[in-house]
Amino acid sequence: MKILSGKIMNYKTLKIDNLDLFFNEIKKSGKNLLVTKKKGTTTYFSSFININDVDFNYIQTTISPKSVLFPKVEELISFKKDDGIYVMTEPNIEKETIVFGLRPCDAVGLEYLSNFFLNENSDFAVKLRKENTTLITLACKNFDENCFCTSVGLSPASTQGTDICLTDIGNGLFHVEIITDKGEKLIAEHSALFSNAEKINKENYVAQVPLKFDCDNFTKNIKDYYNSEKWVVNSLSCLGCGACAFVCPTCTCFDIEDETNLVCGTRLRCWDSCAFGIFTLHASEHNPKPMQSDRWRHRVLHKFYYSKTNMDTISCVGCGRCIRVCPAGMNILEQILDLQEA
Amino acid sequence: MQELNNKIAELLTNNLVSIFISYKRGLNGKIKPAFFTKPDEVDENYFGDEAQQNLAVYVHKPEVKKYSKVGILANIFALKALLQLYAENQIKDNYLTIVTVNQDNKVIVFADFNEIESYIAQHQIEKNTDEHKEIDKLLSLPREERWEFWVEQLSSCIKCYACRAICPMCYCSKCTVELNQPQWISVPAHSLGNFEWHIMRMMHLAGRCINCQECSRVCPMDIPLHLLTTKINSDMEEEFGQIAGTKTTLDFALNTFKVDDYENFIR
């Protein structure tokens, strides 16, 4: 993954105690503020209500924040028969949204997702949502055995794809990096809470995630692995659900469903997964990817080869969500290491 | 556990099975399903409390079926699931060699499903009183509040179908949701569609579900599906006297007509 070492526009300091005020001010200004909340053993994004509900210590949320750009279900267009005439309506996507607490890997994931949807045929819904969304990442102080961001060219200190990045530097302080104009605008609206700061060495304050594999080497050799038995052996436990694709920040596949009767209806877009048996099923009943191992291989190749060919970047950010959520113990990292083992 | 490892290796060496489904520790330290095809792989075998997944689900997979003779390490839930599947004619004779380890750590290789039926009868699973308390609490609420509870819970469903995928009893080659002539159940994860999916699945499971609660364990959104499975199980037992996963012969209350049925509408 190319790290666009974006010029950091400005540095600030934010007292952690001032977060409550910051959040409440944002809420009062009518914007939709999403924060990380704990529920049992999982952390998820939810509307801010109270500072005490906010979880700062999670390693990673179960499900990615991609819903802010690409929701699990959305209405693309609706129609109604009025006086014998069909009237079409496009949905209203206007609310300004701030997302607080996503990880640096997620910001890169969302950047890939936006680029995917805003390509030649720019998606009007994703475009509008992206324009109305400000991201505030929280640098990772911890990681687990499923994280591998550094192996895909990223790091817990990365500022790629985000508007503002916060790093806990101890003594009740966040070091604030303002990356974009959008970030600058948000800080300016609450300038009293932020004090000026100098650049610091973030490496001293973020998690050090060990390298697990050589990604360039993997992508280069991936064609040679195509016929390996290891795809079959390692996918015997896969049961073909959509959990990995749905929690993934860069999975963009979708299905279009029309729900209509003779008088009114709606065209919906919803998440889809290449792991489902019927994902590639033709109307003739031919399936070019008939076995689960074909579909598993496709998923890994898409992340590490097909997206590199089509969009000049690999599309895995090493967040580890797919590994954590899999009901059957599938592990993309394990697969990659197994293939690379001579 | 050496006795178990030896037995699995022996089954593979003597060609009584060509693949054995068990557990092993994955790269990240978590226990996951293992598929042993050679005796020397069995050193990786894991047996213990961390082995949670109900492995019975794998007997349907075409990639597994092609091995013709399959061995499987079954905990009590997998045993019940396999017995129910056998009653539903989903398991060919001579397909499976089923192994369990009892509470005294003794390795048992079942000769047939009659032995499994006896074993299950001797190893009743205690009712989880906390779960029943939670269910009773929900039942004590007025209908509207109970509805609201499930609206809120099911609104977070993302229709990943992990619940369906992990369930040994969901083996339909074409699931109802995969049919679109007509579209019986909505595909997108809106509130109504999520209700349709979960209600339909529970109705298809009532009388067949053995309450392993894997669906609840694997749900990425932490939806308490185990409350539904526990309830349908106790309903089937109370109303029809039927408990899934206990007999070699099909005893399915919802599609069996008995001449002494006290309802007379069907006469």
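None of the values given here were measured: they were computed from a predicted structure.

Q: Got a minute to help me understand the overall build of chain A in this structure?
A: If you tally the helices and strands in chain A, you get 10 helices and 12 strands. Taken over C-alpha atoms, the radius of gyration comes to 21 Å for chain A, in line with the 20 Å a tight globule of 342 residues would show. With respect to the principal axes defined by its C-alpha atoms, chain A has extents near 70 × 65 × 40 Å. A burial count over chain A gives 53% of its 342 residues as buried. Counting contacts in chain A only where the partners sit at least 6 residues apart, residues at least 24 apart contribute 74% of the total. Carbon and sulfur atoms make up 51% of the accessible area of chain A, which amounts to about 15500 Å² in all. On chain A, the mean spot of the 38 positive side-chain charges and the mean spot of the 42 negative ones are 2 Å from each other.

Q: What am I meant to see in the interface of chain A and chain B here?
A: Size of an interface, as often reported, equals the accessible area lost when the parts are brought together. Every contact between the two is made by 40 residues of chain A and, on the other side, 39 residues of chain B. Carbon and sulfur atoms make up 62% of the area that chain A and chain B hide from each other, which totals about 3000 Å². Taken as a group, A:Lys72, A:Leu236 and A:Leu239 account for 22% of the area that chain A buries against chain B, more than any other trio of residues on that side. Our enumeration of links across chain A and chain B arrives at 2 salt bridges. One salt bridge in this structure joins B:Lys32 and A:Glu334, with 3.3 Å as the shortest N-O distance. Linking chain A to chain B there are 17 residue pairs in polar contact (both at pLDDT 80 or more). Only helix 7 (243-247), strand 11 (254-260), strand 12 (264-271), helix 8 (292-311), helix 9 (321-325) and helix 10 (332-340) of chain A provide two or more residues apiece to the side of chain A that touches chain B. In the side of chain A that touches chain B, the residues fall into 21 nonpolar, 10 polar and 9 charged.

Q: Looking at this structure, how should I read the domain arrangement of chain B?
A: Residue and element names in this part refer to chain B. Once the domains are mapped, chain B shows domain 1 (2-122) and domain 2 (129-255). Computed over C-alpha atoms, the centres of domain 1 and domain 2 are 26 Å apart. Listed by partner, the interface residues are 20 residues for domain 1 and 20 residues for domain 2. Buried surface at the junction of domain 1 and domain 2, summed over both partners, amounts to about 1700 Å²; 60% is from carbon and sulfur atoms.

Q: What am I meant to see in empty space enclosed by the protein here?
A: Over the atoms, a rolled probe matching the size of one water molecule traces out where space is still vacant. All names here are of chain A. Within the structure shown, the criterion is met by 8 cavities of 30 Å³ or more. Taken as a whole, the largest cavity holds about 190 Å³ of empty space. If you trace the largest cavity, you find 20 residues lining it, with Cys-238, Cys-244, Trp-296, Cys-326 and Met-330 closest to the centre. Breaking the lining of the largest cavity down by element, the ones donating at least two residues are helix 7, helix 8 and helix 9. Element by element, the count of residues in the lining of the largest cavity is highest for helix 8, at 3 residues. Considering only residue class, the lining of the largest cavity consists of 15 nonpolar, 3 polar and 2 charged.

Q: Sorry if this is basic, but what is going on with the packing of helix 2 (residues 104-117) of chain A against helix 8 of chain A here?
A: In helix packing, the relevant descriptors are the interaxial angle and the interaxial distance, both defined with respect to the helix axes. Residue and element names in this part refer to chain A. Two elements in contact, helix 2 and helix 8, have axes whose closest approach is 13 Å; the angle formed by their N-to-C orientations is 45°. Taken together, helix 2 and helix 8 sit at an angle that is classed as oblique. The element helix 2 and its partner helix 8 pack so that their crossing is left-handed. Where helix 2 approaches helix 8, its residues Tyr-112, Asn-115 and Phe-116 are matched on the opposing element by His-302, Ser-307 and Met-311. Residues that form the contact of helix 2 with helix 8 fall into these classes: 3 nonpolar, 3 polar and no charged.

Q: Please clarify how the nonpolar core should be interpreted in this entry.
A: The nonpolar side chains of a soluble globular protein tend to be buried, and buried together. Residues A:Phe213, A:Phe218, A:Phe304, A:Ile332, B:Leu82 and B:Ile98 are the most contacted members of the largest nonpolar core, which totals 140 residues. The leading source of residues in this core is helix 3 (residues 76-87) of chain B, at 6 residues. Beyond its immediate chain neighbours, meaning those up to four positions away, B:Leu82 contacts B:Ala56, B:Val59, B:Ile72, B:Ala74, B:Ile91, B:Leu96, B:Ile98 and B:Phe113. With 22 residues, the next largest nonpolar core counts A:Phe22, A:Phe100, A:Phe174 and A:Ile178 among its residues.

Q: What should I look at first to understand the packing of helix 6 (residues 143-155) of chain B against helix 8 (residues 191-205) of chain B in this one?
A: Residue and element names in this part refer to chain B. In the contact formed by helix 6 and helix 8, the axes pass within 9 Å of each other and the chain directions differ by 100°. With respect to each other, helix 6 and helix 8 are oriented roughly perpendicular. Within the contact between the two elements, helix 6 uses Trp-147, Trp-150, Val-151, Leu-154 and Ser-155 and helix 8 uses Ser-191, Asn-194, Phe-195 and His-198. Tallied by class, residues from the contact of helix 6 with helix 8 come to 5 nonpolar, 4 polar and no charged.

Q: Before we go on, may I ask you to explain helix 3 (residues 124-131) of chain A in this structure?
A: Since there are 3.6 residues in each turn of an α-helix, residues three or four apart along the chain are aligned in direction. All names here are of chain A. Looking only at helix 3, the buried set comprises Ala-125, Val-126 and Arg-129. For helix 3, the buried positions fall inside an angular range of 95° around the axis, keeping them on one side. Looking at the buried residues of helix 3, the elements they touch are strand 4 (73-82), helix 2, strand 7 (133-138) and strand 12.

Q: Sorry if this is basic, but what is going on with unusual backbone geometry here?
A: Residues and elements named next belong to chain B. Note the cis peptide between Gln-181 and Pro-182, where omega equals 0°. Mapped onto the fold, Pro-182 is located in the loop between helix 7 (162-166) and helix 8. Residues other than glycine seldom take positive phi values, yet Lys-159 does so here, at roughly 55°. Along the chain, Lys-159 turns up in the loop between helix 6 and helix 7. One non-glycine residue, Gln-213, lies in the positive phi region at around 70°. Along the chain, Gln-213 turns up in the loop between helix 8 and helix 9 (214-218).

Q: Just to check I follow, could you spell out the sheet that holds strand 1 (residues 10-15) of chain A for this structure?
A: Within a sheet, each strand pairs with its neighbour through backbone hydrogen bonds, oriented either parallel or antiparallel. All names here are of chain A. Spatial strand order, 3-2-6-7-8-9-1-10: 8 strands in an open sheet with mixed pairing. Looking at strand neighbours, the two that pair on one side only are strand 3 (42-47) and strand 10 (194-196), the edges of this open sheet. Ignoring strand direction, the axes of neighbouring strands in this sheet form an average angle of 25°. Sheet topology note: the strand 2 (residues 32-39)/strand 6 (residues 97-102) ladder contains 3 bridges and is parallel. Bridging across to strand 6, Asn-32 finds its partner in Thr-97.

Q: Where do I start with the pattern of salt bridges in this structure?
A: Any two side chains of opposite charge can pair, on the condition that their charged atoms come close. Tallying each qualifying case throughout the model produces 25 salt bridges over all chains. Close ionic contact of A:Glu74 with A:Arg129 constitutes a salt bridge, the shortest N to O distance being 2.8 Å. Taken together, the residues A:Glu74 in strand 4 and A:Arg129 in helix 3 connect sequence positions 55 residues apart. Relative accessible area serves as the criterion here: at 5%, A:Glu74 is assigned to the buried category. On the accessibility criterion, A:Arg129 (13% relative accessible area) is buried. Put simply, B:Glu178 and B:Arg164 hold a salt bridge, and the shortest N to O gap is 3.6 Å. Of this pair, B:Glu178 sits in the loop between helix 7 and helix 8 while B:Arg164 sits in helix 7, and the two are 14 residues apart along the sequence. Exposure remark for B:Glu178: the relative accessible area of 22% places this residue in the partly exposed category. It is possible to trace a salt-bridge network through shared partners that takes in A:Glu74, A:Asp123, A:Arg129 and A:Arg269.

Cut-offs and rules
- Residues numbered from 1 in each chain as written.
- Chains lettered and ligands numbered in written order.
- Predicted model: local features only at pLDDT ≥ 70, side-chain atom pairs only at ≥ 80, totals over all residues.
- Heavy atoms only, no water.
- Helix = DSSP H or I, 4+ residues; strand = E, 2+ residues; numbered from the N terminus.
- Rg over C-alpha atoms; globule rule 2.2 N^0.38 Å.
- Buried < 20%, exposed > 50% of the residue type's maximum accessible area, 1.4 Å probe, protein only.
- Contact = heavy atoms within 4.5 Å.
- Areas by Shrake-Rupley, 256 points an atom, 1.4 Å probe, with all protein chains shown as cover.
- Lys, Arg positive; Asp, Glu negative; His and termini not counted.
- Charge placed at Lys NZ, Arg CZ, Asp CG, Glu CD.
- Buried area = accessible area lost by both parts, 1.4 Å probe.
- Salt bridge = Lys/Arg side-chain N within 4 Å of Asp/Glu carboxyl O.
- Polar contact = N/O pair within 3.5 Å; in protein donor to acceptor, adjacent residues only side chain to side chain.
- Nonpolar A, V, L, I, M, F, W, Y, C, P; charged D, E, K, R; others polar.
- Domains from an automatic or database assignment.
- 1 Å grid on protein atoms, 1.4 Å probe; cavity = no way out; pocket = protein on both sides within 12 Å on 5 of 7 lines; lining within 4 Å.
- Points joined across faces, edges and corners; volume = space filled by probe spheres on them.
- Axes fitted to C-alpha atoms, helices over the stretch in contact; angles between N-to-C directions.
- Parallel < 35°, antiparallel > 145°, perpendicular 65-115°, else oblique.
- Left-handed = near helix turned anticlockwise from the far one by under 90°.
- Core = buried A, V, L, I, M, F, W, Y, C linked by side-chain atoms within 4.5 Å.
- Arc of directions from axis to C-beta.
- Pairing = 2+ DSSP bridges.

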